[in-house]
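Remarks on the overall topology
Residues per chain are reported as follows:
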Amino acid sequence: DTGVSQDPRHKITKRGQNVTFRCDPISEHNRLYWYRQTLGQGPEFLTYFQNEAQLEKSRLLSDRFSAERPKGSFSTLEIQRTEQGDSAMYLCASSSEIIGGAKLEQYFGPGTRLTVT
Amino acid sequence: DQQVKQNSPSLSVQEGRISILNCDYTNSMFDYFLWYKKYPAEGPTFLISISSIKDKNEDGRFTVFLNKSAKHLSLHIVPSQPGDSAVYFCAAPNAGNMLTFGGGTRLMVKP
């Protein structure tokens, strides 16, 4: 079990540029989640996938944000036309499918820290 | 509307003593709660959870208590160790297992 991995760990970009982050979940997990964490706050849910289906995306912060999980394995989060307010830690998590209503803990990656200058 | 709140941004405790971290929630539909620990430059690490059908769950030095009538939960760490120094988040999933987090409490355990 190699855990959840994210790439890159740090990204510095200029305002107006597009950025893409990658997340590789734990291999047997079919659920994948994206969160954003700003300084002094808890993580904030953005979107999630079950296999390749994006089941919730209304919490994405604006239409500049989009996510994909084309083959139900890794996922990408893209931010277009970045703004300084997008500077944050972007976290990915994965979990097994909920069985019988049981809530299963999510395992987080180390995050990608985005700085928009 | 913050559905999960941690009102103490920081807590300092002497090594060997008990650490008590508190969390309040407003959504009565929440039926499961989790605690995560986060070190700087790392993602949150799952620590312990509790279902609303229980009022206590224990795992080694960590115990979580749930008071449903008060919509309050607490995490007890006994004895506290310097390696426990981190930010602790409580969280609750909604029907789709999307987690709502509190703002976190920074615990500092002094040797």
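Here goes a summary of the coordinates provided. (Residues numbered from 1 in each chain as written. Chains lettered and ligands numbered in written order. Predicted model: local features only at pLDDT ≥ 70, side-chain atom pairs only at ≥ 80, totals over all residues. Heavy atoms only, no water.)

Re the nonpolar core
Residue and element names in this part refer to chain B. Applicable threshold: The nonpolar core is taken to be a set of buried Ala, Val, Leu, Ile, Met, Phe, Trp, Tyr and Cys residues, with the residues joined through side-chain atoms within 4.5 Å. Each residue gets one of three labels from its accessible area relative to the maximum for its type: buried under 20%, exposed over 50%, partly exposed in between, using a 1.4 Å probe on protein chains only. The numbering of helices and of strands both runs from the N terminus, where a helix is a DSSP run of H or I of at least 4 residues and a strand a run of E of at least 2. Residues are treated as being in contact if the distance between any of their heavy atoms lies within 4.5 Å.
Counting residues in hydrophobic clusters, the biggest one holds 23 residues, and the most contacted among them are F33, W35, L73, L75 and Y88. Mapped onto this core, the elements with two or more residues apiece are β3 (19-25), β4 (32-38), β5 (45-51), β7 (62-67), β8 (72-77), β9 (86-93) and β11 (105-110). A per-element tally of this core places β9 first, with four residues. Setting aside chain neighbours within four positions, we find L73 in contact with L21, N22, C23, Y25, F33, W35, V64, F65 and L66.

A word on the state of the cysteines
Residues and elements named next belong to chain A. Our working rule: Note on disulfides: each one is a pair of cysteine sulfur atoms within 2.5 Å.
What the rule picks out here adds up to two disulfides over all chains. Residue pairing for C23: its cysteine sulfur links by disulfide to C92, the two sulfurs lying 1.8 Å apart. Disulfide C23-C92: the torsion about the S-S bond is -65 degrees, which places it as left-handed. Remark: C92 occurs in strand β9 (residues 88-95) and C23 occurs in strand β3 (residues 19-24); sequence separation between them is 69 residues. Both residues of the pair, C23 and C92, count as buried.

Observations concerning the sheet that holds β3(A)
Residue and element names in this part refer to chain A. Formally: In this analysis, strands are considered paired if DSSP registers two or more bridges between them. What counts as an axis is a line fitted to C-alpha atoms, over the stretch in contact for a helix, and the angles between N-to-C directions run from 0 to 180 degrees.
With antiparallel pairing, four strands are arranged side by side in an open sheet as β1-β3-β8-β7. A strand with exactly one partner marks an edge of an open sheet, and here the two such strands are β1 (5-7) and β7 (65-68). Taken over all neighbouring pairs, the strand axes of this sheet differ in orientation by 15 degrees on average, direction set aside. Pairing analysis gives five bridges linking β3 to strand β8 (residues 75-79), with the strands arranged antiparallel. From the neighbouring strand, V19 faces β8, where its bridge partner is I79.

Any functional reading would require information beyond the geometric quantities listed.
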